[in-house]
Amino acid sequence: MTQNPASYDVCAVGNAIVDVLAPCDDAFLIAQGLTPGSMQLVDAQQSAALYAAMAPGVEASGGSAGNTVAGVGSFGGRAAYIGKVGDDQLGGVFSHDIRAAGVAFVTPVLPGAATGACMINVTPDGQRTMCTFLGAANQLEAADIDAGLIGASAIVYLEGYLFDPAPARAAFEAAAAAAHAAGRQVAITLSDTFVVARWRAELLAFIEASADIVLANEGELHALFETEDFDHAAAHLGRIVDIAAVTRGAAGSVVFGKGGAERVEVAAVPVDKVVDTTGAGDQYAAGFLLGLARGLSLEDAGKLGSLAAAEVIAHWGPRPMTSLEALAKQAGLKLA
């Protein structure tokens, strides 16, 4: 590892998206031809049509990795973000919100392009179904990767959704190369089962060649190794990277370290009522990565992840509404 202290705990590279969240029932999803709990890409016209059909909702800056670094900031961590927005109203909203969360964000805006938006319909059980118009977000390319910023960050965190456009995959390669050249760690989230299904071979090749840390949920793990045997798939993932964390909803998470030699099970933090699961995995990643960046044990890092996930699923929106740093201190959890 580099001898230079990191200026940032986490620098994330992701799709800069503004979320539009609204309640719905199962009949609405059926009528719109949507698969419950899925994420699918839509074009500008499809996005506008869905927006018109949705119930009144709320707008909140999102994007998976953007949510994660906002969580890192809520923990009192130092975070940075690389992602593309357009020179429009939503782009201004996103830029303001992420900076207000204490995150460094200096990626230039993309003139003439619309900022990405995600239409999120949430059923009464808290499950979210997402339709994403990427807009400017998927115009990220290798030239946008600030090697100095990456090198100043203990962990660079890559959002799996960016595997869809080829230029963004090149940006991944550039970010990973810059991180490893500086002696930093590279983390990636698998993001969605559909992403894994589309790019399974490429994701596996990238993980084996460039990733030190992988975060996934149970469904994504099964898709990656094409098996329903959780223990077999989790152990396999644990063997091919230094650290892996797999979330299992109410069952908590399983964390692997030392090439799979260390296995830790972390309980979920109970909540009175699940309101909206949007951002649960993103906030788990925030706590987990902050813990790793601060040198905590796998168990303590996982506990921070569980705490952050519990906070975000208890309210609407993908980012913390209560200081995660304060919650961690109240719960007696380590932050450094």
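Everything below is about the structure printed above this text.
Residues numbered from 1 in each chain as written. Predicted model: local features only at pLDDT ≥ 70, side-chain atom pairs only at ≥ 80, totals over all residues. Heavy atoms only, no water.

Further remarks concern helix 8 (residues 218-225). Taken as a whole, helix 8 has its buried residues at E220, L221, H222, L224 and F225. Buried positions along helix 8 lie against helix 7 (193-210), strand 11 (213-217), helix 9 (230-240) and strand 12 (243-247). With a side-chain oxygen lying 3.1 Å from the backbone nitrogen of G219, the N-terminal cap of helix 8 falls on N217. Positive backbone phi, approximately 50°, marks E226, located one or two places after helix 8. (Buried < 20%, exposed > 50% of the residue type's maximum accessible area, 1.4 Å probe, protein only. Helix = DSSP H or I, 4+ residues; strand = E, 2+ residues; numbered from the N terminus. Contact = heavy atoms within 4.5 Å. Polar contact = N/O pair within 3.5 Å; in protein donor to acceptor, adjacent residues only side chain to side chain.)

With respect to the element layout, G66 can be found in helix 3 (residues 64-74). Sequence spacing of G66 and E141 is 75 residues, and the spatial spacing of their C-alpha atoms is 17 Å. In this view, G66 contacts Y81, I98 and R319; residues no more than four positions away in its chain are not counted.

Attention shifts here to the side chain of E159. Mapped onto the elements, E159 comes out in strand 9 (residues 153-159). The buried charged residue E159 lacks any salt bridge partner; its closest oppositely charged side chain belongs to R319, at an N-O distance of 8.9 Å. Of the polar contacts made by the side chain of E159, one reaches the backbone nitrogen of N15; its length is 3.2 Å. The residues contacting E159, other than those within four sequence positions of it, are V13, G14, N15, G63, S64, A65, F172, T189 and S191. (Lys, Arg positive; Asp, Glu negative; His and termini not counted. Salt bridge = Lys/Arg side-chain N within 4 Å of Asp/Glu carboxyl O.)

This part covers the environment of F94. Tracing the chain through its elements places F94 in helix 4 (residues 89-100). Judged by relative accessible area, F94 falls into the buried class, the value being 0%. When neighbours within four sequence positions are excluded, F94 is seen to be in contact with A16, I17, V18, S61, G62, Y81, V85, F105 and R319.

These figures come from the coordinates and say nothing about function on their own.
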